[in-house]
Amino acid sequence: MRDTLKLYGREFSSRFLLGTALYPSPAVMSESLAASGAELVTLSLRRQNPAQQSNNAFWDLIRQSGCQLLPNTAGCKSVKEAVNLAEMSREIFQTDWLKLEVIGDDYNLQPDPFGLVEAAAELVRRGFKVLPYCTDDLVLCRRLLDAGCQVLMPWGAPIGTGQGLLNRYNLATLRARLPQVPLIIDAGIGAPSQAAEALEMGFDAVLLNTAVARAQDPVAMALAFRQAIEAGRTAYRAGLMVRQQTASPSTPTLDMPFWQQTEEVSR
């Protein structure tokens, strides 16, 4: 059977979601998208206005990628602001897919849990396919599911920090307690090894932007993340060995001739 990512009834071959901001040029952004193999890309109406003539090249490249667009309510701090921007994005980009952000703190860009749930419920009611950027709090995630979200995107660390998976206990708890829910690590990933770890833990995908866009070679870094995510998923499906507190010989002595056991011990 094909191992695909299923979100809101649609299947994706790639488990890598990539942002389109911060690249040194539209051409580098386009090449990075191609190298990543991503089929879902995020973009913000707030930061990039398609009505401006100077941005035509950017939008043309986004459209030519063939990727599913995931407009983002980045920068919104209230329910009203997020809902209004979502409606504008749906009209301009002709998609009801939405990455929902309602920010509650300017310092670490942490989501406002109360506003996020309220906005999610309203946007689901309006027919949006909502992918909420949230913290790793289990109760918050359950409230978002109750609001009608079918996908959750908990952070690994604050946006743009590159700190990786800061709270592995909470993330592991989410994966264990919500086994049937697609969970995508969104924000804070800074290295391919961190993305691989997220997939090894059983998360379904990774969404990032800064780690690729701000790399010395964004195109090569996009490829590195693609390979790491594929490796992490393969490792998860293969089944990682159980960690142990004590050493265990890789060459067992049971059923070996006596003289071979003595020789093995003496090494």
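Residues numbered from 1 in each chain as written. Predicted model: local features only at pLDDT ≥ 70, side-chain atom pairs only at ≥ 80, totals over all residues. Heavy atoms only, no water.

1. Details of the packing of helix α1 (residues 26-36) against helix α9 (residues 218-238)
Running from N to C, α1 and α9 point in directions that differ by 20°, and their axes come no closer than 8 Å. It follows from the interaxial angle that α1 and α9 lie roughly parallel. Here the hand of the crossing between α1 and α9 comes out right-handed. Contacts from V28, E31, S32, A34, A35 and S36 of α1 reach α9 at P218, V219, A222, L223 and R226. (Axes fitted to C-alpha atoms, helices over the stretch in contact; angles between N-to-C directions. Helix = DSSP H or I, 4+ residues; strand = E, 2+ residues; numbered from the N terminus. Parallel < 35°, antiparallel > 145°, perpendicular 65-115°, else oblique. Left-handed = near helix turned anticlockwise from the far one by under 90°. Contact = heavy atoms within 4.5 Å.)

2. Describing the environment of E230
Checked against the element boundaries, E230 lands in helix α9. Taking the C-alpha atoms as reference points, E230 and F16, 214 residues apart in sequence, are found 8.9 Å from one another.

3. A closer look at the layout of surface pockets
A probe as big as a water molecule, rolled over the atoms, marks out the empty space that is left. In this structure, the second largest pocket encloses a volume near 270 Å³. Together, 13 residues line the second largest pocket, and R175, P179, Q180, D204 and R233 are the ones closest to its centre. If you list the elements that add at least two residues to the lining of the second largest pocket, you get β1 (5-7) and α9. (1 Å grid on protein atoms, 1.4 Å probe; cavity = no way out; pocket = protein on both sides within 12 Å on 5 of 7 lines; lining within 4 Å. Points joined across faces, edges and corners; volume = space filled by probe spheres on them.)

4. Structural notes on the nonpolar core
Ranked by size, the top nonpolar core spans 73 residues in total, and within it L100, I184, V206 and L208 carry the most contacts. By residue number, the principal contributor to this core is helix α3 (residues 79-93), which donates six residues. With residues near it in sequence (within four places) discarded, L208 still touches F16, L17, L18, G19, I189 and F225. (Core = buried A, V, L, I, M, F, W, Y, C linked by side-chain atoms within 4.5 Å. Buried < 20%, exposed > 50% of the residue type's maximum accessible area, 1.4 Å probe, protein only.)

5. Thoughts on helix α7 (residues 192-200)
Taken residue by residue, α7 has P192, Q194, A195, A196, A198 and L199 as its buried positions. On its buried side, α7 packs onto β9 (184-186), β10 (205-208) and α9.

6. Observations regarding the packing of aromatic side chains
Evaluation of the coordinates by the stated rule reveals three aromatic pairs. On the basis of an interplanar angle of 90° and a centroid distance of 5.9 Å, the ring pair of F12 and W97 is categorised as edge-to-face. Pair noted here: F12 is in strand β2 (residues 10-12) and W97 is in strand β6 (residues 97-100), with a separation of 85 residues, a long-range link. For the pair F12 and W97, a shared accessibility class is recorded, and that class is buried. On the numbers, 6.1 Å between centres and 35° between planes, the contact of F16 with F225 is tilted. Separated by 209 residues along the polypeptide, F16 in strand β3 (residues 16-19) and F225 in helix α9 bring together distant segments of the chain. Between R90 and the ring centre of F128, over which it is positioned, the NZ or CZ distance is 3.8 Å. (Phe/Tyr/Trp six-rings, centres within 6.5 Å; stacked < 30°, edge-to-face > 60°. Lys NZ or Arg CZ within 6 Å of the ring centre and 35° of its normal.)

7. Concerning the packing of α3 against helix α4 (residues 113-125)
Helix-helix packing is described using two parameters, namely the angle between the two axes and the distance between the axes. Look at α3 against α4: their axes get within 9 Å of each other, and the N-to-C directions meet at 35°. When you trace α3 past α4, the crossing you get is right-handed. Mapping the contact onto sequence places V79, V83 and A86 in α3 and G115, E118, A119, E122 and L123 in α4. Its residues placed into classes, the contact of α3 with α4 shows five nonpolar, one polar and two charged. (Nonpolar A, V, L, I, M, F, W, Y, C, P; charged D, E, K, R; others polar.)

8. Re unusual backbone geometry
Notably, Y8 is not glycine yet its phi reads approximately 50°, a positive angle. In this structure, Y8 sits in the loop between β1 and β2. Residue classification places Y8 among the buried residues on the basis of a relative accessible area of 15%. A positive phi angle, near 55°, is found at L109, a position not held by glycine.

9. Topic: the state of the cysteines
Enumeration according to the criterion identifies zero disulfides in this entry. C134 supplies the cysteine sulfur nearest to C149, a cysteine that is in no disulfide, at a spacing of 8.5 Å. (Disulfide = S-S within 2.5 Å.)

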